[in-house]
Amino acid sequence: MMKRIMVSVIFGCAVIILALPLYFDPGVLSSFLFPKAILFQIFSEISVAAYLVLKLYQPAYRIQWRHPLLIVLGVFSLLLAVLSLIGIDATRSLWSTIGRMNGVIVYLHLFLWFAVLSSVMKTWVEWRRLIWVGIGICFLVIGYGFGQWLVIDWIYPGIPMSRIYGTLGNPIFLAQYIVLNLFLGLFLFIKEKSIFLRSFLLFFGLTGVAAIFLSVSRSGVFTLGISAVIFGILCLFVFVRKRRLIVYSTVIGFIFTALIGMTSTYIWFQTPEGVEWVHAHTRNPQIIYLVTKLFNDPERIGLSRIAWQGFVDRPLFGWGPYNFSYIFSEKVRPQDYGTIFMSQWYDYPHNELMNILVTTGLIGLIGYIAIWVVVFYLLVKQVGWGKKSNAYV
């Protein structure tokens, strides 16, 4: 009885956490991020407490601390905590700011929640339910974003928006959130047998891609393309093993051809001839910005330059997680204001690798890269999803 109650509590908390992207509170400062982060910490702590009780009654539910992914994530989380304490502002590193809410404390909550879920949810049926919940929530967020674009009064009264951000408060956050769920949906599309569910997933994918472009997020578009290539390569391994190469290679070939065409076109837009063509065919400044400044945005280049200068000063351990605002204040040149930098301050270099490098040094960068190496290793090793206990971690 106790086992069923605790498992239900953990699953219920997971559902609530997955639904948090829908919630925002206009009555508080940082209405899109602060409430989500606080509620996530609360329900992840409830999950951990329920797991500890479950462990007392059912010792078989043990966290697989020797699993490679849990090892690298645990080491990286511990590393962030240590680097926070020896950085230039431990309080900011641990708690972040109300406008970001992504301090080391939040990362530790994420790690513990992941460890609990991976030890309790061990079957495809359990993970399938959670993925469907996440996709359903994402679909509602996308719908809210379309409401902003269409200027539906009860969603977004006012003038039409040039960029949608849904219920996440930031177009970049929205795009990356959708990209994650698009590929989870694509995974479900392969696994599901129901025509109705597949039809819904196809519709979800089309609306998701449209929402990414309406967010006018360069990182979202770029991530979508790169992820599609990686997903296609992994699917190729699966289909070769399952002797379905002839049927699916045509589909994958079409996807690759389309991606190569879109990538070539996008790169051409970065050339002087491409920029001239875009200006001649549209007056929308956001579209011009999206398609012509992927690699040559002066602001992003300037932030990367400052991040590199900060790394040179403290190459081994960095300045401490989430302390980039101090680096910017020290390294920015007065003549860059109003020319390269339009804002008065920046707390993020808008390049995750440079952010990891300058705030956590070479030690942190090695740990960060190790996570992705282990992820791809496990994907290749367990392609085909053959093992019940580890395949869905």
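Data block above holds the structure.
Note that the structure is predicted; figures quoted are calculated from it, not measured.

Visitor: Would you mind going over the side chain of Thr360 with me for this structure?
Guide: The topology assignment puts Thr360 in helix H15 (residues 352-381). For Thr360, the side chain forms a polar contact with the main-chain oxygen of Ile356, separated by 2.5 Å. The residues contacting Thr360, other than those within four sequence positions of it, are Leu80, Leu83, Leu316, Phe317, Gly318, Pro321, Asn355 and Leu365.

Visitor: How should I be thinking about the nonpolar core in this particular structure?
Guide: Across soluble globular proteins, nonpolar side chains have a tendency to be buried as a group. Residues Ile10, Val120, Ile178, Ile212, Phe324 and Phe328 are the most contacted members of the largest nonpolar core, which totals 80 residues. A per-element tally of this core places helix H6 (residues 124-150) first, with 10 residues.

Visitor: What am I meant to see in the packing of helix H13 (residues 298-313) against helix H14 (residues 324-331) here?
Guide: The description of two packed helices rests on the angle between their axes and on the distance between the axes. Running from N to C, H13 and H14 point in directions that differ by 100°, and their axes come no closer than 9 Å. In terms of axis orientation, H13 runs roughly perpendicular to H14. Along the contact surface, H13 presents Leu303, Ile306, Ala307, Gln309, Gly310 and Asp313, while H14 presents Phe324, Ile327, Phe328, Glu330 and Lys331. Residue classes in the contact of H13 with H14 are distributed as six nonpolar, two polar and three charged.

Visitor: What am I meant to see in the side chain of Lys36 here?
Guide: Mapped onto the elements of the fold, Lys36 is located in helix H2 (residues 34-57). Of the side chains with opposite charge, Asp25 lies nearest to the buried Lys36, which makes no salt bridge, at 11 Å. Among the polar contacts made by the side chain of Lys36, one reaches the main-chain carbonyl oxygen of Tyr23 at a distance of 2.6 Å. One polar contact links the side chain of Lys36 to the main-chain carbonyl oxygen of Thr167, over a distance of 2.8 Å. Those residues in contact with Lys36 that lie beyond four places of it in its chain are Leu20, Pro21, Tyr23, Phe24, Thr167 and Leu168.

Visitor: Before we go on, may I ask you to explain unusual backbone geometry in this structure?
Guide: Most of the time, phi is negative for any residue but glycine, and the peptide bond is trans. Even without glycine at this site, Tyr322 takes up a positive phi of about 65°. Note on placement: Tyr322 falls in the loop between H13 and H14. By relative accessible area, which is 16% here, Tyr322 ends up buried. In this structure, His350 takes a positive phi of about 60° despite not being glycine. For His350, the position within the fold is in the loop between H14 and H15.

Visitor: Sorry if this is basic, but what is going on with the packing of aromatic side chains here?
Guide: How two aromatic rings sit relative to each other is set out by the distance from centre to centre and by the angle between their planes. Tallied over the full model, the rule gives 15 aromatic pairs. For the ring pair Phe139 and Phe200, a centre distance of 5.2 Å and an interplane angle of 65° mean the geometry is edge-to-face. Of this pair, Phe139 sits in helix H6 while Phe200 sits in helix H8 (residues 195-214), and the two are 61 residues apart along the sequence. For Phe139, a relative accessible area of 26% gives the class partly exposed. Feature note: the residues Trp132, Phe139, Phe200, Phe203 and Phe204 constitute an aromatic cluster, connected by ring pairs. It is Lys122 that lies over the ring of Tyr61; its NZ or CZ is 5.4 Å from the centre. The residue whose ring lies beneath Lys191 is Trp124, and the NZ or CZ to ring-centre distance is 5.2 Å.

Visitor: Hey, could you run me through the packing of H13 against H15 in this one?
Guide: Their axes nearest at 9 Å, the elements H13 and H15 cross at an angle of 15°. Accordingly, the angle class assigned to the pair H13 and H15 is roughly parallel. In this structure, H13 meets H15 at a crossing whose hand is left-handed. Counting all contacts with H13, which are made through Ser304, Ala307, Trp308, Gly310 and Phe311, the residues of H15 involved are Met354, Leu357, Val358 and Leu362. Tallied by class, the residues present in the contact of H13 with H15 amount to seven nonpolar, two polar and no charged.

Visitor: What am I meant to see in helix H3 (residues 68-86) here?
Guide: For an α-helix, the turn length of 3.6 residues means that residues three or four places apart are oriented alike. Over its 19 residues, H3 runs 27 Å from end to end, which matches the ideal 27 Å to within 8%, given 1.5 Å per residue. For H3, the complete set of buried residues consists of Leu69, Leu70, Val72, Phe76, Ser77, Leu80, Ala81, Leu83 and Ser84. In this fold, the buried residues of H3 make contact with helix H4 (90-95), helix H5 (104-120) and H15.

Visitor: Please explain H14 as it appears in this structure.
Guide: All of the buried residues along H14 are Phe324, Ser325, Ile327, Phe328 and Lys331. Buried residues of H14, viewed axially, fall in a sector of 160°; they line one side. Elements that come into contact with the buried residues of H14 comprise H4, H13 and H15.

Visitor: When you look at a nonpolar patch on the surface in this model, what are you seeing that I'm missing?
Guide: On the surface, a nonpolar cluster with roughly 710 Å² of combined accessible area is contributed by Leu78, Val82, Leu85, Ile86, Leu316, Phe317, Leu362 and Ile363. For the nonpolar patch, the secondary structure elements donating two or more residues are H3 and H15. Here the element with the most residues in the nonpolar patch is H3; it accounts for four residues. If you trace the backbone, Leu85 turns up in helix H3. A relative accessible area of 60% means that Leu85 is categorised as exposed.

Parameters at a glance
- By convention here, each chain's residues receive numbers from 1 onward along its written sequence.
- Only residues with pLDDT of 70 or above have their local features reported here, since the model is predicted, and side-chain atom pairs are shown and tallied only from 80 upward, although totals for entire chains, interfaces and linings are computed over all residues.
- As a convention, hydrogens and water are excluded, and side-chain values are obtained from all of the structure's heavy atoms.
- Only runs of H or I of at least four residues qualify as helices and only runs of E of at least two qualify as strands under DSSP, and these elements are numbered from the N terminus.
- Here a polar contact is taken to be a pair of N or O atoms separated by no more than 3.5 Å, where protein atoms must pair a possible hydrogen donor with a possible acceptor and residues adjacent in sequence count only if both atoms sit in side chains.
- Contacts are assigned to residue pairs with any non-hydrogen atoms lying within 4.5 Å of each other.
- Side-chain atoms within 4.5 Å link the members of a nonpolar core, which is a set of buried Ala, Val, Leu, Ile, Met, Phe, Trp, Tyr and Cys residues.
- Burial here depends on accessible area, computed with a 1.4 Å probe over protein chains only, as a share of the maximum for the residue type. Under 20% is buried, over 50% is exposed, and the range in between is partly exposed.
- For helices, the axis comes from a line fit to the C-alpha atoms of the stretch in contact; other axes are also lines fit to C-alpha atoms, and the angle between any two N-to-C directions lies between 0 and 180 degrees.
- Throughout this description, any angle smaller than 35 degrees is read as roughly parallel, any larger than 145 degrees as roughly antiparallel, any in the 65 to 115 degree range as roughly perpendicular, and the remainder as oblique.
- Each residue is assigned to one of three groups, with Ala, Val, Leu, Ile, Met, Phe, Trp, Tyr, Cys and Pro labelled nonpolar, Asp, Glu, Lys and Arg labelled charged, and all others, Gly among them, labelled polar.
- By the counting rule applied here, Lys and Arg register as positive and Asp and Glu as negative, while His and the ends of each chain are not counted.
- For this document, the term salt bridge refers to a Lys or Arg side-chain nitrogen within 4 Å of an Asp or Glu carboxyl oxygen.
- Classification of ring pairs rests on two measures: the distance between centres of Phe, Tyr or Trp rings, Trp counted by its six-membered ring, which must be within 6.5 Å, and the angle between planes, read as stacked under 30 degrees, edge-to-face over 60 and tilted in between.
- For a lysine, the NZ atom is tested; for an arginine, the CZ atom; a charge sits over a ring if that atom is within 6 Å of the ring centre and within 35 degrees of the ring normal.
- Working rule for handedness: look at the near helix, and if it is turned counterclockwise from the far one by less than a right angle, call the crossing left-handed; if clockwise, right-handed.
- How far a helix is expected to stretch is found by multiplying one less than its residue total by 1.5 Å.
- In this context, the arc is that of the directions from the helix axis out to the C-beta atoms.
- Patch construction takes residues with relative accessible area above 30% that form no salt bridge. Like charges are linked within 9 Å, and nonpolar side chains (Val, Leu, Ile, Met, Phe, Trp, Tyr) are linked within 5 Å.
- To be clear on the numbers: accessible area is Shrake-Rupley with a 1.4 Å probe, and residue cover counts the displayed protein chains and nothing else.

Read these as layout, nothing more, since geometry by itself doesn't imply function.
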